[in-house]
Amino acid sequence: MDQLPFPLSKEPDKEAADQAWKLFAGPCEFVKGVVEIASLPAPDRSEVCFAGRSNVGKSSLLNALTNQKKLARSSNTPGRTQEINYFALGKNYYLVDLPGYGFANAPLQSVRKWQTLVKQYLAGRPNLRRTFLLIDARHGIMKIDEEILMLLDQSAVSFQVILTKADKVKSLDYTCVLEQIRKKLSSHPAAFPELLISSSQQGTGITTLRTVITRTLG
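I will try to describe carefully the structure that is included in this document. (Residues numbered from 1 in each chain as written. Predicted model: local features only at pLDDT ≥ 70, side-chain atom pairs only at ≥ 80, totals over all residues. Heavy atoms only, no water.)

Remarks on the environment of Pro41
At step 1: Relative to the helices and strands, Pro41 resides in the loop between β1 (28-34) and β2 (46-52).
At step 2: With relative accessibility at 13%, the residue Pro41 sits in the buried group.
At step 3: Along the primary structure Pro41 and Leu65 are separated by 24 residues, whereas in three dimensions their C-alpha atoms are 22 Å apart. (Helix = DSSP H or I, 4+ residues; strand = E, 2+ residues; numbered from the N terminus. Buried < 20%, exposed > 50% of the residue type's maximum accessible area, 1.4 Å probe, protein only.)

Structural data, given as C-alpha cells:
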C-alpha cells in the first residue's frame, strides 16, 4: 500500500529528543516587536517563524515549547497583535511569531499593513529556515488560510503544518480533517511533506515539535 501523502511526523528517538530538550530548556527571551521591515534584527542567526489565523494558539504553543507561561502573550481579541515578535532561543537562534490573520473586525488599513509586512518578511529573510503554519484541528484549512499558503508558495519558503488543539477533536472528525488538509496541501509546492499535531494544554506533540525545530535550525 502506498504511503499517505503528508504523513504525521514520527516521534523522535531519545537522543534527538534530549538534544532538543536541552535547547528549549535554556534561555528564551523576548527581543523586540517589529512593525516595519527596517527594524528587523540582523539576519545573523537561523530562525523559524510561526504563522496562523488569530486565536489559533500560537502564543500557547510558544509558551509550551519553551516551558514558560508568559513568554508569548495571548489575547482574547482577534487581531490585537500586529507585530512580528522576536524571541532569542539561546545565543544562536530566533523564534519568530508573525501577526495573526483572518480577524473579522480589523479595518482595511490594518489588513493591508499585515499583508505588506508579512510579504516583505517572507520574501526577504535569508536566514529563515522554515515557517510553521498553525491550523486548528477542529476546522482544517479554511478560506482565510489560503492567502498565507499562496504567499509561502510565491516566496519559496518551506512551510510545515502544525495541527493545534488536537485534544478537542473527536477521532472521526480528526480523520476527515487530515484528509482535507492533505488534499489542500497537495497543490502547494512549498509544503513540507510531514504534518505535526499538538495540544498545548496536554503537551501532545511538543517533544516531536521541539525536535523538528532543533533539526531545522541546526
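A look at the layout of surface pockets
At step 1: The volume enclosed by the second largest pocket comes to roughly 170 Å³.
At step 2: When residues of the lining of the second largest pocket are traced back to their parent elements, those giving at least two are α3 (108-124) and α4 (146-154).
At step 3: The class makeup of the residues in the lining of the second largest pocket is six nonpolar, two polar and two charged. (1 Å grid on protein atoms, 1.4 Å probe; cavity = no way out; pocket = protein on both sides within 12 Å on 5 of 7 lines; lining within 4 Å. Points joined across faces, edges and corners; volume = space filled by probe spheres on them. Nonpolar A, V, L, I, M, F, W, Y, C, P; charged D, E, K, R; others polar.)

Details of the packing of aromatic side chains
At step 1: Under the counting rule described, the total for this entry stands at three aromatic pairs.
At step 2: Judged by centre distance (5.6 Å) and plane angle (65°), the rings of Phe30 and Phe87 are edge-to-face. Taken together, the residues Phe30 in strand β1 and Phe87 in strand β3 (residues 84-89) connect sequence positions 57 residues apart.
At step 3: A relative accessible area of 47% places Phe30 in the partly exposed class.
At step 4: Judged by its relative accessible area of 3%, Phe87 is buried.
At step 5: Ring centres of Phe50 and Phe132 lie 5.7 Å apart, and the angle between their planes is 25°; on these two criteria the pair is classed as stacked. Within this pair, whereas Phe50 is found in strand β2, its partner Phe132 is found in strand β5 (residues 128-136), the two being separated by 82 residues in sequence. A single burial state applies to Phe50 and to Phe132, both of which are buried.
At step 6: Taking the ring centre of Tyr94 as reference, the NZ or CZ of Arg45 above it sits at 4.7 Å.
At step 7: Residue placement shows Arg130 over the ring face of Phe192; its charged tip is 3.9 Å from the ring centre. (Phe/Tyr/Trp six-rings, centres within 6.5 Å; stacked < 30°, edge-to-face > 60°. Lys NZ or Arg CZ within 6 Å of the ring centre and 35° of its normal.)

What to know about helix α6 (residues 206-217)
At step 1: With twelve residues, α6 should cover 16 Å at 1.5 Å per step; its first-to-last C-alpha distance of 16 Å lies within 8% of that length.
At step 2: Buried within α6 are the following residues: Ile206, Thr208, Leu209, Arg210, Thr211, Val212, Ile213, Thr214, Thr216 and Leu217. (Expected span 1.5 Å × (residues − 1).)

Considerations on helix α2 (residues 58-66)
At step 1: Of all nine residues in α2, eight are buried; the element is thus mostly enclosed.
At step 2: Residues Lys58, Ser59, Leu61, Leu62, Asn63, Ala64, Leu65 and Thr66 constitute the buried set of α2.

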